[in-house]
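Observations on the model geometry
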Number of protein chains: 4
Amino acid sequence: MQLGIIGLGKMGGNMRTRLRRAGHDVVGFDTDPTLTDATDLADLAAKLDAPRAVWVMVPAGDATRQTVAALADVLSDGDIVIDGGNSRFSDDAPNAALLAERGIGYIDAGVSGGVWGLENGYALMVGGEKKHVDTMMPIFDALKPPGEYGFVHAGGVGAGHYAKMVHNGIEYGLMQAYAEGYELLKASEHVENVPAVFKSWREGTVVRSWLLDLLDRALEEDPNFDALTGYATDSGEGRWTVEESIRLAVPLHAISASLYARFESRQDDSPAMKAIAALRNQFGGHAVKE
Amino acid sequence: MQLGIIGLGKMGGNMRTRLRRAGHDVVGFDTDPTLTDATDLADLAAKLDAPRAVWVMVPAGDATRQTVAALADVLSDGDIVIDGGNSRFSDDAPNAALLAERGIGYIDAGVSGGVWGLENGYALMVGGEKKHVDTMMPIFDALKPPGEYGFVHAGGVGAGHYAKMVHNGIEYGLMQAYAEGYELLKASEHVENVPAVFKSWREGTVVRSWLLDLLDRALEEDPNFDALTGYATDSGEGRWTVEESIRLAVPLHAISASLYARFESRQDDSPAMKAIAALRNQFGGHAVKE
Amino acid sequence: MQLGIIGLGKMGGNMRTRLRRAGHDVVGFDTDPTLTDATDLADLAAKLDAPRAVWVMVPAGDATRQTVAALADVLSDGDIVIDGGNSRFSDDAPNAALLAERGIGYIDAGVSGGVWGLENGYALMVGGEKKHVDTMMPIFDALKPPGEYGFVHAGGVGAGHYAKMVHNGIEYGLMQAYAEGYELLKASEHVENVPAVFKSWREGTVVRSWLLDLLDRALEEDPNFDALTGYATDSGEGRWTVEESIRLAVPLHAISASLYARFESRQDDSPAMKAIAALRNQFGGHAVKE
Amino acid sequence: MQLGIIGLGKMGGNMRTRLRRAGHDVVGFDTDPTLTDATDLADLAAKLDAPRAVWVMVPAGDATRQTVAALADVLSDGDIVIDGGNSRFSDDAPNAALLAERGIGYIDAGVSGGVWGLENGYALMVGGEKKHVDTMMPIFDALKPPGEYGFVHAGGVGAGHYAKMVHNGIEYGLMQAYAEGYELLKASEHVENVPAVFKSWREGTVVRSWLLDLLDRALEEDPNFDALTGYATDSGEGRWTVEESIRLAVPLHAISASLYARFESRQDDSPAMKAIAALRNQFGGHAVKE
């Protein structure tokens, strides 16, 4: 099947490769002339036979919203746009409405897999109308891992990005759990070889997982993480997950703690803890560190 | 190789089976006459050729301590005792010291695998002297899953139970992360089929794990968990993990939150939240629920 | 000075009383004919001499936004509107812009004090232009407690509600700290008379506060909180505080935990803990509570 | 009445002064010859008329335990020892038992008030037998603030230190709540003068408290806390509070988070966040900070 892909970076470029390996006819567009197959969006549209399908794989936010708006001008009735970026689910309904005015369908697709997706397949969580999803199934089947898992039609427009958002929120909690356990083992005088403990957990344990495999791999490369600082950025999904927990009154103690731990990791000094130190000095004459 | 096992319940009984399948000569003792191979500990000792090895698989705490003390009386110089129960790591040094007075070696073994261990193998984290561990390797090799993972000699006496304790602390955090994500998906109007989302995550995602596979399995059996109440007990390891975080000044935000969530799940009403309600009524005249 | 007040409920009504006691000329409007001094907003405007000042004290959200919009139609160039409700700070800039089109000034005022404000005075945190704040100072002075505290001009439009939002976020954390300590004392076998302990803390301690005084008062009325259930609602400020912490990457572990504790207090059963119970059953054959 | 005090540091010295001002006859002992009234404990005992009362005000732990043991040798049947230090409540029963062998009574007294206690009085939470407490009431009355608050006989031996422990646990949560609110206000673009906001809160608000007064005082001295680093130590009570929450299955989300925040404040880098950074690099090719 024919597909246009906009955005040929780390994710989009590998997806083009995986789809071509599966025999699909992919026309890519990127602002990098060494990567692109088309000169602009109009040229991309012209290179695809109607009804067209175009996968948007550009940074979430303004870039995605502007790309969708531009596609509304170059695509036609019966075409389909898939937003495969890390958009906030709340962007999907406006995008779908804008395209629907021209008769263009819309699917939101949460994509997991990172740099491993090219070989292992990309897990896909999609939202939209069933008829649009049915049309796109050959593409989804080629992108996803083989077998019965790795794809879900989670609901109407927005459901795909929503499921991906929660997936990432869970991911924050999982990573934090391993990280806290790692720190405790490192701090204790009882365990001599912490990397060996993590390696052993890869089979037979309750905590075995792909993330654990990766942690073992990272510890093999740098057993004390000497080359790293404890500085962790966050993309939007963790924040949106906590925002949704507030809207829906769902207690997310562990996931919110994981998000806050990342915020803390990026602070040179903590204004809150300055206030604590100041208070302790006031009431107890406790020495402070100046 | 020959091994005595004390305690033939769900864990010990299956371990006996797995070892016998591997060709080992296992003599089991249990107070249940339909399970036991020996009439008492002295008979168990008599049925084993010196130097003997005896695996203790009874409830942690008093039962294990008393069994170890009893073994000190029936075993001899050169024998080895392995405590494979969920003992607190701080029990290991006293147990080892008691046995050392008679020349008996001691290994602590954290065992993971639950009801799946019989078929998949049991992950083993052991602590003790290298010479004792070397002696027991044929048994460990038969119990563990095949391949390079599933076994670690984590350090001296106590290191095995310590590693297992942290393993379980991490497990609390992992389970809580999935559970929080589950609750958020259930609460949202955006996703229609929550079990299908979890099922899809089993391949290609960052959150794939054995626990996720089990959650999918549980959702297959009861898609809304209608047959369950949200009541979660805890064994000691989660508590000990948090206790150790206090001793070692290691922040465990996510793991402690997971432990507290279990405490909350067992409360009919929260005294703390009564105090909150009382305060709100005092200062704001907010209505309370009586 | 002359002031119109819209909304004569628990807060607005008491504020009218306090202002009249201080000699101000207050015209109140309420939809309750037994409370109102004016038939409608136009009548309220007509009863005030220009330049007018009107204090809006109605529920936050649509009710406040609609009242401000209606005031834009009945007030004139040089008048001032004060929103004293619990509006989200993000409502202030749009309200101010709408009124500015007619030359009407705008002040947002966070008001603390609850049912005690009539006698003790209301703490005020205001945002807006200095010239508007200066004009309104006679009203603020009459509402606030006597002395040097209880009033701050926190910044431009929105700063008053923002400061009040953070005030309430802190309040959540303070209440949770007392509540957790209360529950621990109740749970322990060591302390015999928990209410007496709280009463003793009212002087000489580090934890003495107005909230503690109220808690003592509540325990005097009902020493075991027998008449209460542990069910705590939340108004918007706690949620907005956590939302802002996400926007600004500020870790709020204690305040978010306090908000989540309230969410939990309102759940009959926890879907998350059902998932935990299901998982424990899957891997360990742990009994579940059905 | 006559009292011996052992330990004339910041707390004990001021208590001696406050008691003398109230007309009591105090004999102090300290290893510092410029402070002490007695050459050693035997001399202290000799300088007091039987039945004697001796207040121990030395560092918690070994120092206190050794002092109590030494007192058992120099005191006699009918005397009373009061431990006013920050001992863990679990030290009290052994201390009381040791002294009871000689017929010496024991009271544990949690003391709050810090450097302010000399002028304001010290809040006292005491545990022990009623007859011993009755005997000591003249001393307690002189130490405590005037009025109906500031003293509680909380229960049997250990109850005083237990109540003080929970008092300090609550204090951790209160301080953290103010500190988090402070950091959020500092981070926001909406509020211009953060110290002025805190100052205003001292009257009329729900969050007014002695700690808030101290925070205002600290901000007056150093409005941006420029002279401080965000480094907060902890004495034992916060840790013991969390340990007790584990023993008693009481969820303490806010208080434990406050304790962990202090642990974090003392880390140069976070091993846990190194693990997070390593994982992100593994699965996503996310750049890390080296």
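Residues numbered from 1 in each chain as written. Chains lettered and ligands numbered in written order. Predicted model: local features only at pLDDT ≥ 70, side-chain atom pairs only at ≥ 80, totals over all residues. Heavy atoms only, no water.

**Some words on the overall build of chain A**
Threshold: Numbered from the N terminus, helices here are DSSP runs of H or I no shorter than four residues, and strands are runs of E no shorter than two. Buried residues are those whose accessible area, probed at 1.4 Å on protein chains only, stays under 20% of the maximum for their type, while exposed residues exceed 50% and partly exposed ones sit between those limits. Any two residues having at least one pair of non-hydrogen atoms within 4.5 Å are treated as being in contact. Using a 1.4 Å probe, accessible areas were evaluated by the Shrake-Rupley method; residue-level cover was limited to the displayed protein chains.
When you go through chain A residue by residue, the secondary structure sums to 12 helices and seven strands. Oriented by its inertia axes, the alpha-carbon framework of chain A measures out at about 75 × 45 × 40 Å. Each of the 290 residues in chain A was classed as buried or not, and the buried ones make up 63%. Considering only intrachain contacts with a sequence separation of at least 6, the fraction spanning at least 24 residues in chain A is 64%. Summed over all atoms, the accessible surface of chain A reaches about 9800 Å², with 50% contributed by carbon and sulfur.

**Side note on the packing of aromatic side chains**
Residue and element names in this part refer to chain A. Short version of the rule: Only the six-membered ring of Trp is used, alongside the rings of Phe and Tyr, when aromatic pairs are assigned; centres must lie within 6.5 Å, and planes under 30 degrees apart are stacked while those over 60 apart are edge-to-face, with the rest tilted. When the NZ atom of lysine or the CZ atom of arginine is within 6 Å of a ring's centre and also within 35 degrees of its normal, the charge is said to sit over that ring.
Under the defined criterion, the tally for this structure stands at 32 aromatic pairs over all chains. Among the aromatic residues, ring-to-ring pairing joins Tyr 182, Phe 198, Trp 201 and Phe 225 into one connected group. Just above the ring of Tyr 172 sits the side chain of Arg 262; from NZ or CZ to the centre is 3.8 Å.

**A look at the interface of chain B and chain C**
For clarity, the threshold we go by: Defined in terms of a 1.4 Å probe, buried area is the accessible area two parts forfeit on being brought together, summed over both. Whenever a carboxyl oxygen of Asp or Glu lies within 4 Å of a side-chain nitrogen of Lys or Arg, that contact is scored as a salt bridge. Residues are grouped as follows: Ala, Val, Leu, Ile, Met, Phe, Trp, Tyr, Cys and Pro are nonpolar; Asp, Glu, Lys and Arg are charged; all remaining types, including Gly, are polar.
Chain B puts 54 residues into the contact, and the matching count from chain C is 54 residues. Roughly 4900 Å² is buried in total at the junction of chain B and chain C, and carbon and sulfur atoms are behind 62% of that figure. Run the count over chain B and chain C and you get zero salt bridges. Of all the secondary-structure elements, those providing two or more residues to the side of chain B that touches chain C are α7 (159-187), α9 (210-221), α11 (253-265) and α12 (271-284) of chain B. With 13 residues, α12 of chain B is the single largest residue contributor to the side of chain B that touches chain C. Within the side of chain B that touches chain C, the residues separate by chemical class into 26 nonpolar, 14 polar and 14 charged.

**Thoughts on the sheet that holds strand β3 (residues 53-56) of chain A**
Residue and element names in this part refer to chain A. For clarity, the cut-off: Note on pairing: DSSP must find at least two bridges between two strands before they are called paired. A fitted line through C-alpha atoms represents every axis, and for helices the fit uses only the stretch in contact; the resulting angles, taken between N-to-C directions, go from 0 to 180 degrees.
Here seven strands make up an open sheet; going across it, the order is β2-β1-β3-β4-β5-β6-β7 and the pairing mixed. Every other strand in the sheet has two partners, leaving β2 (25-29) and β7 (151-155) as the edge strands with one partner each. Between one strand and the next, the sheet's axes are offset by a mean angle of 25°, whatever the strand orientation. The strands touched by helix α1 (residues 10-21) are β1 (2-6), β2, β3 and β5 (105-112); relative to β1, the strand with the most contacts, the crossing angle is about 165°. Strands in contact with helix α4 (residues 92-100) are β4 (80-83) and β5; relative to β5, the strand with the most contacts, it is inclined by about 145°.

**Observations concerning the sheet that holds strand β6 (residues 123-128) of chain D**
Residues and elements named next belong to chain D. Taken together, the seven strands give an open sheet; going across it, the order is β2-β1-β3-β4-β5-β6-β7, and neighbouring strands pair in mixed fashion. Of all strands in the sheet, those with a lone pairing partner are β2 (25-29) and β7 (151-155), marking the two edges. For this sheet, the mean inter-axis angle between neighbouring strands, taken without regard to orientation, is 25°. Relative to strand β5 (residues 105-112), strand β4 (residues 80-83) is paired through four bridges, and the arrangement is parallel. Looking at β5, one finds that Asp 83 is bridged to Asp 108. Taken strand by strand, helix α3 (residues 62-74) contacts β1 (2-6), β3 (53-56) and β4, and its axis lies near 165° from that of β3. Packing against the sheet, helix α7 (residues 159-187) makes contact with β4, β5, β6 and β7, and its axis sits at approximately 15° to β5.

**Let's talk about the interface of chain A and chain B**
Counting residues at the interface gives 70 residues for chain A, matched by 69 residues for chain B. For the pair chain A and chain B, the summed buried surface comes to about 5900 Å²; carbon and sulfur atoms form 70% of the total. Counting the surface chain A buries against chain B, the share from its top three residues, Tyr 149, Leu 184 and Val 206 of chain A, is 12%. Where chain A meets chain B, there are two salt bridges.

**Topic: the packing of helix α12 (residues 271-284) of chain A against α7 of chain D**
Stated precisely, the cut-off is as follows: Each angle receives one of four descriptions, namely roughly parallel if under 35 degrees, roughly antiparallel if over 145, roughly perpendicular if within 65 to 115, and oblique otherwise. Each crossing gets its handedness from the near helix: less than a right angle anticlockwise from the far helix is left-handed, clockwise is right-handed.
Where α12 of chain A meets α7 of chain D, the closest approach of the two axes is 8 Å, and the angle between their N-to-C directions is 130°. Here α12 of chain A lies oblique to α7 of chain D, going by the angle between them. Judged by the sense of rotation from one axis to the other, the crossing of α12 of chain A with α7 of chain D is right-handed. Contact with α12 of chain A, carried on its side by Pro 271, Ala 272, Met 273, Ala 275, Ile 276, Leu 279, Arg 280 and Phe 283 of chain A, involves Glu 171, Met 175, Gln 176, Ala 179, Glu 180, Tyr 182 and Glu 183 of chain D of α7 of chain D and no other residues of that element.

**Observations regarding the relation of the copies chain B and chain C**
Definition in use: Least squares is the method used to superpose the copies, on C-alpha atoms of residues holding a pLDDT of at least 70 in both.
Laying chain B over chain C is done by rotating through 180° and shifting 0.0 Å along the axis; what remains is an RMSD of 0.0 Å. In the structure described here, the two chain copies are related by an operation that fits a two-fold rotation axis. In this assembly, 100% of the residues forming the interface of chain B have copies in chain C that are likewise at the interface, indicating an isologous arrangement.

**Examining the side chain of Lys 164 of chain C**
Residues and elements named next belong to chain C. Using the following cut-off: In this tally, Lys and Arg are treated as positive and Asp and Glu as negative; His is ignored, and so are the chain termini.
Position of Lys 164 relative to the elements: it lies in helix α7 (residues 159-187). Although Lys 164 is buried, it forms no salt bridge, and the closest oppositely charged side chain is Glu 237 at an N-O distance of 4.1 Å. Beyond its immediate sequence surroundings of up to four residues, Lys 164 is in contact with Asn 86, Gly 110, Val 111, Ser 112, Met 125 and Glu 237.

**Comments concerning the pattern of salt bridges**
This model, assessed by the stated rule, comprises 76 salt bridges over all chains. Between Asp 234 of chain A and Arg 266 of chain A there is a salt bridge, with its nearest N and O atoms 2.9 Å apart. With a gap of 32 residues between them, Asp 234 of chain A in the loop between α9 (210-221) and α10 (236-248) and Arg 266 of chain A in the loop between α11 (253-265) and α12 connect regions that are remote in the sequence. The salt bridge partner of Asp 73 of chain B is Arg 102 of chain B, with a shortest N-O separation of 3.4 Å. Here Asp 73 of chain B is found in helix α3 (residues 62-74), whereas its partner Arg 102 of chain B is found in the loop between α4 (92-100) and β5 (105-112), with 29 residues between them in sequence. Asp 73 of chain B sits in the exposed class, given a relative accessible area of 55%. Beyond isolated ion pairs, a larger network of salt bridges with shared partners links Lys 199, Arg 202, Asp 213, Asp 216 and Glu 220 of chain A.

**What about the relation of the copies chain A and chain B?**
When chain A is fitted to chain B, the residual RMSD is 0.0 Å, and the transformation amounts to a turn of 180° plus an axial shift of 0.0 Å. Mapped onto chain B, 99% of the interface residues of chain A are again interface residues, and the two copies thus contact each other with one and the same surface.

**Side note on the environment of Ala 97 of chain C**
Tracing the chain through its elements places Ala 97 of chain C in helix α4 (residues 92-100). In sequence terms Ala 97 of chain C and Pro 223 of chain C are 126 residues apart; their C-alpha atoms lie 51 Å from each other.

**Brief notes about unusual backbone geometry**
Of the consecutive residues Ala 50 of chain A and Pro 51 of chain A, the connecting peptide bond is found in the cis state with omega at -5°. Structurally, Pro 51 of chain A is set in the loop between α2 (41-46) and β3. Positive phi outside glycine occurs at Phe 225 of chain A, with the angle close to 50°. Relative to the helices and strands, Phe 225 of chain A resides in the loop between α9 and α10. Not every positive phi belongs to a glycine, and Ala 249 of chain B is a case in point at roughly 55°. Relative to the elements of secondary structure, Ala 249 of chain B occurs in the loop between α10 (236-248) and α11.

**Notes on helix α12 (residues 271-284) of chain D**
How we decide: How far a helix is expected to stretch is found by multiplying one less than its residue total by 1.5 Å.
With 14 residues, α12 of chain D extends 20 Å between its outermost C-alpha atoms, agreeing within 8% with the 20 Å of an ideal straight helix rising 1.5 Å per residue. For α12 of chain D, the set of buried residues is Ala 272, Met 273, Lys 274, Ala 275, Ile 276, Ala 277, Ala 278, Leu 279, Arg 280, Gln 282, Phe 283 and Gly 284 of chain D. Each element contacted by the buried residues of α12 of chain D is listed here: α1, α7 (159-187), α9 and α11 of chain A.

**Remarks on the packing of helix α10 (residues 236-248) of chain D against helix α11 (residues 253-265) of chain D**
All names here are of chain D. In the contact formed by α10 and α11, the axes pass within 10 Å of each other and the chain directions differ by 135°. For the element pair α10 / α11, the angle class is oblique. For the pair α10 and α11, the crossing hand works out as left-handed. Across from Gly 238, Arg 239, Thr 241 and Val 242 in α10, the residues of α11 making contact are Ile 255, Ser 256, Leu 259 and Phe 263. Of the residues that constitute the contact of α10 with α11, the class distribution is four nonpolar, three polar and one charged.

**Remarks on the pairing of strand β6 (residues 123-127) of chain A**
Residue and element names in this part refer to chain A. Counting buried positions along β6 yields five of five residues, so the element is predominantly enclosed. Burial of β6 is two-sided: the residues Ala 123, Met 125 and Gly 127 facing one way and the residues Leu 124 and Val 126 facing the other way are all buried. Here β5 runs beside β6; their pairing, made up of five bridges, is antiparallel. Looking at the pairing, Asp 108 lines up with Gly 127 of β6. When β6 meets β7, the two strands line up parallel, connected through four bridges. Note on β7: the bridge partner recorded for Leu 124 is Phe 151.

**Section: α11 of chain B**
Given 3.6 residues per helical turn, the α-helix brings residues three or four places apart onto the same face. Look at α11 of chain B: 18 Å from first C-alpha to last across 13 residues, which is about the 18 Å you get at 1.5 Å a residue. Within α11 of chain B, 13 of the 13 residues are buried, which leaves it mostly tucked inside the rest of the structure.

**Here we look at the side chain of Asp 108 of chain C**
Residue and element names in this part refer to chain C. Our working definition: Distance and chemistry together define a polar contact, namely a pair of N or O atoms within 3.5 Å, with one atom able to donate a hydrogen and the other to accept it when in protein, and with adjacent residues in sequence counting only for side-chain atoms on both sides.
Take Asp 108: it is sitting in strand β5 (residues 105-112). One buried charge, Asp 108, has no salt-bridge partner; the nearest side chain with opposite charge is Lys 164, at 11 Å. Within the structure, the side chain of Asp 108 is placed 2.6 Å from the backbone nitrogen of Gly 158, a separation counted as a polar contact. Once residues lying within four places of it in the same chain are set aside, the contact partners of Asp 108 are Asp 83, Asp 92, Met 125, Val 126, Gly 127, Gly 128, Gly 156, Val 157, Gly 158, Ala 159, Gly 160 and His 161.

Spatial relationships are all this shows, so hold off on functional conclusions.
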